Number of protein chains: 2
Amino acid sequence: MAQAAGELTLNQSQVLGHLRAANAPMTAYQLLGRMQNDRGAVAPPTVYRALKALEEAGLIRRIETLRAWAPVATVRPGVVVICDDCGTVRGVEAPGLLESLHERLVAEGFAEARKTIEVHGRCGDCAEDRA
Amino acid sequence: MAQAAGELTLNQSQVLGHLRAANAPMTAYQLLGRMQNDRGAVAPPTVYRALKALEEAGLIRRIETLRAWAPVATVRPGVVVICDDCGTVRGVEAPGLLESLHERLVAEGFAEARKTIEVHGRCGDCAEDRA
DNA sequence: TGGATATACGTTATAGTATAACATAGCGCA
DNA sequence: TGCGCTATGTTATACTATAACGTATATCCA
Ligand SMILES: [Zn+2]
Ligand SMILES: [Zn+2]
Ligand SMILES: [Zn+2]
Ligand SMILES: [Zn+2]
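What comes next concerns the included structure. Note that the structure is predicted; figures quoted are calculated from it, not measured.

1. Topic: the interface of chain B and chain A
- On the chain A side, the residues contacting the 34 residues of chain B number 34 residues.
- The largest contributions to the chain B side of the interface with chain A come from B:L97, B:F110 and B:R114, which together make up 20% of the buried area.
- Remark: the boundary between chain B and chain A carries two salt bridges.
- For the salt bridge of B:E108 with A:R90, the shortest nitrogen-to-oxygen distance reads 3.0 Å.
- Our count for the contact surface shared by chain B and chain A stands at 14 residue pairs in polar contact (both at pLDDT 80 or more).
- Breaking the side of chain B that touches chain A down by element, the ones donating at least two residues are β3 (79–83), β4 (89–92), α4 (95–107) and β5 (111–122) of chain B.
- In terms of residue count, the dominant contributor to the side of chain B that touches chain A is β5(B) (12 residues).
- One ladder, built from 11 bridges, connects strand β5 (residues 111–122) of chain A with β5(B); its direction is antiparallel. The partner of A:K115 across the bridge, within β5(B), is B:V119.

Spelled out as C-alpha cells, the structure:
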C-alpha cells in the first residue's frame, strides 16, 4: 500500500481526526479506545505507528508533561501552555524568546535539534470561575 | 519513623546519592537496580516515593523528554540542555528569558505554576569529536 | 509478465514507567 | 498504654511504548 508523499493513510487520518476533534490532548490509549469503537479490534502498534507518522509529518506533537498528543494547529510554534484545571492546551507565539535562547546555545557551541517548552498553571477562564 | 523537616530518610538519601554520582539522568528503574544492589529486595514504590519526596524538596527534577531524573544541582534554573550523543545534561541560566515568558503569560491572565524547558541537540564536545 | 522491493498494517508478545491498596514498624505524645 | 503520624514493605495492577514477525498490496523495472 505505498503512499503518495503528503497524503495520509486511513489509519493516520482517523487518529488525526480524533485529535482535532478533542478539546484537549489525548493519550495513545484514549486514541486506541476511539479506534476500537470505530473499527473493532485495533492493537497499540496501530495507534503508535500513526502517531509517529503524523509527528514526522509535523501534524501533531507529543505534550511531554502530559504523556499525550495534540495537533500542532492547537499548539503552534513552540511554547505550550497547559491549564491544569480545564485541561486545555494552546500555543503561545514567542519568536523573540525562542531566538534568544537559540543564540545563547549557538554561542556555547550547542547544536540545537529539538525544543520542548511547556508551562502548566491555570488559565484566565478557570481563575474567573473560582473568583 | 517520623522525620524532622529538612532531613532526608535513608531511602531518600540513597536515591539522591545515586543521582548525584551519575553523569547523566537516571530512570526510576535504573535507580531501582542500584538500590537492589545495595539492599537486596526493593520494589518500585520505594524508589518512586523517594523521587516524589526529593522532587517536592526541590532537590531533583524529572527530565520529561528523557523520562528520567536528575539532581537540580546539575540542571539549575529552568532551561535543561541535553546532548543526545553523550547523554549529559546541564542547566543554562536564562533569567531574562524566563521572566519575559512569565510576563507574557501574566498579561494573558494565565497563572503559571510550573515550567518545563528542555533542549535536545549535540554539545560542543561531541561536535568536535565528529570533526 | 513476473519477481524484487517497499510500505502499511495486523497480531502477539513483551518491555518500560508509574501508582493503588493494604500491611507493618517506629516514634511522639495525650 | 493507647493513639495518630510518617516511612517503608509488599503485592498487585495500571498505563505507556516497542519488538518481532506475518500478510497484503502497490511500484519498479528486468
Ligand atoms: Zn473515529
Ligand atoms: Zn482552564
Ligand atoms: Zn547505593
Ligand atoms: Zn555531548
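2. Here we look at the coordination of the zinc ion (ligand 3)
All names here are of chain B.
- The zinc ion (ligand 3) binds to the protein through H18 (NE2), D38 (OD) and D38 (OD), with metal-donor distances spanning 1.7 to 2.8 Å. Here the residue H18 occupies a position in helix α1 (residues 10–21), and D38 occupies one in helix α2 (residues 28–39), the gap between them amounting to 20 residues.
- Owing to a relative accessible area of 16%, H18 belongs among the buried residues under this scheme.

3. Looking at the coordination of the zinc ion (ligand 4)
Residue and element names in this part refer to chain B.
- At this site the zinc ion (ligand 4) is bound by C83 (SG), C86 (SG), C123 (SG) and C126 (SG), with donor distances of 2.2 to 2.3 Å.
- Seen from the zinc ion (ligand 4), its four donor atoms lie at angles of 104 to 118°, and the figure they make is tetrahedral.
- When the donors of the zinc ion (ligand 4) are listed by position in the chain, the intervening gaps give C-x2-C-x36-C-x2-C. With C83 in strand β3 and C126 in helix α5 (residues 124–130), the pair connects residues that are 43 residues apart, well separated along the chain. Take C83 and C126: they sit in the same class, and that class is buried.

4. Observations regarding the relation of the copies chain B and chain A
- Under the fitted operation, chain B is carried onto chain A by 0.0 Å of movement along the axis and a turn of 180°, and the coordinates agree to an RMSD of 0.1 Å. Taken together, these values place the two copies in the relation of a two-fold axis. In terms of proximity to the rotation axis, the leading residue of chain B is B:I117, whose C-alpha is 2.2 Å off the axis.
- The fraction of interface residues of chain B whose copies in chain A are also interface residues reaches 100%, indicating that both copies meet through the same surface.

About the cut-offs
- Residues numbered from 1 in each chain as written.
- Chains lettered and ligands numbered in written order.
- Predicted model: local features only at pLDDT ≥ 70, side-chain atom pairs only at ≥ 80, totals over all residues.
- Heavy atoms only, no water.
- Contact = heavy atoms within 4.5 Å.
- Buried area = accessible area lost by both parts, 1.4 Å probe.
- Salt bridge = Lys/Arg side-chain N within 4 Å of Asp/Glu carboxyl O.
- Polar contact = N/O pair within 3.5 Å; in protein donor to acceptor, adjacent residues only side chain to side chain.
- Helix = DSSP H or I, 4+ residues; strand = E, 2+ residues; numbered from the N terminus.
- Pairing = 2+ DSSP bridges.
- Donors = N, O, S within 2.8 Å, 3.2 Å for Na, K, Ca; no water.
- Buried < 20%, exposed > 50% of the residue type's maximum accessible area, 1.4 Å probe, protein only.
- Tetrahedral: all angles 85-135°; square planar, octahedral: opposite > 155°, others 65-115°.
- Least-squares fit on C-alpha atoms with pLDDT ≥ 70 in both.

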